[in-house]
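Structure at a glance
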Amino acid sequence: MKLLNYTTSYFAAILLVLLGIWAVIFYLEMLDEIYDSLDDGLDNQKMLVINRAKSDPEIIQRLNFEDGSYTIRPISNKLAMNFRDSYRDTLMYMQNEKDYEPVRLLETVFKKDDEFYKLKIITSMVEEDDLIEDLLFSLVLLYVGLILSIVLLNNLILKKIWNPFYGLLQQLKNFRLEKDQKINTVSSNIEEFNLLNTRIEQMLEKSVSSYNSQKQFIENAAHELQTPLAISINKLELLVENEDLNDQQIELVASVLNNLEGLTRMNNSLLLLSKIENQQFPDEQEVIFNDLIEELKRDYEDLAVHKSMEINIESTSVLKHTMNRGLAKILLSNLLKNAIVHGQKESAIEILISENSFSISNSSNQASLDSDKIFSRFQKNSGSKNSNGIGLAIAQTIAKKYNLQLKYFYSDKHNFQLNFPK
């Protein structure tokens, strides 16, 4: 959930509760005022009827409401002593409405000539009942409209306030350190946003500077190492051609030459690994892995024939993925070369390509390998003298760069599977 929607949802929930409580209290208060008004009217009418009854004995025997709004009946002294005035709502049949309608009823007791009488007075609640319904409807309408208006206006205002933040967030999302991009911050009236902009600019400037320095150092270090290695190899090759050397001396020089060539390969591999990790391969395109593996098969055909091995490719679908083509070729090349170099002679390498996966398997005299360490740097899983233990680490680094999953498992054969996102 976005920050704007998150804060708005909390605000709406709090507003809903507070306005709900306010609406209920307001409704009950208005209801209480209406009943107070009705009861005050009944009290006033009670006083008028009692005063009239004391001066006009004829109304004492009014036993029903058919010809008026009150009744008077005698009551025993015992009941009269414990009686208290009561107000309540009830229903009464109205001739004009031809139906039962709500009324407010007051029951009280008064004394005349040492006799007690119960007085019942009614007043119609038809208008008041309609007033209560109208009040409730208006209150609900006001309540809903007020909440929607406040939430909508608050959302629009907050969206405008948070615009600089979301603009910065979008730029950071698209920022690539290797492309030497700039972040264009927008000045805001909010102090925290301006502070955030300043800190991000400082952080990115330092990161770009460190990245360029590291990149330059790696390139310089690789170059400085490569030059003396190449010179030493050339001189040793010239020395081997010298006819004055005996067989033992030639063997020693060849051993040194082999070690230097291994060091050269390792230097190149480490340089490649550093370039991948530093995102120095920005160019990307759609790569068809079916065509790429066919191309690599032709490149490694001689090496496979030398070990009497076959490379079988089975495709059930076209596998495509957007990435740097050079890195895609290195990824598949390392997996294929690993299968040939460490595979058993006179065996077959099976490659299966589906819509979302690439797998390669080979037979070997060596048992299952440690899947937790196989992709670690300088982890040698065979006795091959030409292996520097970085090939699979490079393959794993390339896979992670493009959100691919490179896995190893063993089931009679050594299997490497490359899973692509759907």
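Residues take numbers from 1 onward in each chain, read along the sequence in its written order. Totals for whole chains, interfaces and linings use every residue, but because this is a predicted model, local features are given only for residues with pLDDT of at least 70 and side-chain atom pairs only at 80 or more, for both listing and counting. Each side-chain value is worked out from all heavy atoms of the structure, with water and hydrogens disregarded.

It is worth spelling out the sheet that holds strand 6 (residues 310-315) at this point. Strand pairing follows a simple DSSP-based rule, namely that at least 2 bridges must link the two strands. Helical segments are the DSSP runs of H or I of at least four residues, strand segments are the runs of E of at least two, and each set is numbered from the N terminus. Here five strands make up an open sheet; going across it, the order is 6-8-9-11-10 and the pairing mixed. With partners counted over all chains shown, the strands left at the sheet margins are strand 6 and strand 10 (405-410), one partner each. Taken over all neighbouring pairs, the strand axes of this sheet differ in orientation by 15 degrees on average, direction set aside. Bridge analysis of strand 9 (residues 357-362) against strand 11 (residues 414-419) gives six bridges, and the strand direction is antiparallel. Note that in strand 11 the partner of Ser-361 across the bridge is Asn-415. Contacts: residue pairs with any heavy atoms within 4.5 Å of one another. The axes are straight lines fitted to the C-alpha atoms, using for helices just the contacting stretch, and the angles between their N-to-C directions are given from 0 to 180°. Together, strand 6, strand 8 (348-353) and strand 9 form the strand contacts of helix 7 (residues 289-299), whose direction differs from that of strand 6 by roughly 170 degrees.

Now for the packing of helix 7 against helix 9 (residues 325-342). Between helix 7 and helix 9, whose axes approach to 10 Å, the crossing angle comes to 55 degrees. Taken together, the axes of helix 7 and helix 9 lie oblique to each other. Crossing geometry of helix 7 relative to helix 9 is assigned as right-handed. Together, Phe-289, Leu-292, Ile-293, Glu-295, Leu-296, Lys-297 and Asp-299 of helix 7 and Arg-325, Ala-328, Lys-329, Leu-332, Ser-333 and Leu-336 of helix 9 make up the contact between the two elements. Grouping the amino acids of the contact of helix 7 with helix 9 by side-chain chemistry returns seven nonpolar, one polar and five charged. Reported orientations rely on four angle classes, namely roughly parallel under 35 degrees, roughly antiparallel over 145, roughly perpendicular from 65 to 115, and oblique for the rest. Crossing handedness is defined as follows: a turn of the near helix away from the far one that is anticlockwise and smaller than a right angle gives a left-handed crossing, while the clockwise case is right-handed. In the scheme used here, Gly and all other residues not listed as nonpolar or charged are polar, with Ala, Val, Leu, Ile, Met, Phe, Trp, Tyr, Cys and Pro taken as nonpolar and Asp, Glu, Lys and Arg as charged.

Right, let's talk about the pairing of strand 11 for a bit. The buried fraction of strand 11 amounts to five of the six residues, a majority that puts the element mostly inside the structure. From the end of strand 10 to the start of strand 11, which pair antiparallel, there are three residues, and Asp-412 there has a positive phi angle of about 70 degrees. Summary of the burial criterion: residues with accessible area below 20% of their type's maximum are buried, those above 50% are exposed, and those between are partly exposed, where the area comes from a 1.4 Å probe applied to protein chains only.

A surface patch of nonpolar side chains, amounting to about 420 Å² of accessible area, comprises Trp-22, Phe-26, Met-30, Leu-142 and Leu-146. Only helix 1 (3-55) and helix 3 (126-161) provide two or more residues apiece to the nonpolar patch. When residues of the nonpolar patch are assigned to their parent elements, the largest contribution, three residues, is made by helix 1. As for its position among the elements, Trp-22 is in helix 1. Look at Trp-22 and you get partly exposed, because its relative accessible area is 40%. Surface patches are defined over residues having more than 30% relative accessible area and no salt bridge, joining like charges when they lie within 9 Å and nonpolar side chains (Val, Leu, Ile, Met, Phe, Trp, Tyr) when within 5 Å. Here the accessible surface of atoms and residues is derived via Shrake-Rupley with a 1.4 Å probe, and residues count as covered only by protein chains that are part of the display. The term salt bridge refers to a pairing of a side-chain nitrogen on Lys or Arg with a carboxyl oxygen on Asp or Glu at a separation within 4 Å.

No statement about biological role is implied by the geometric values presented.
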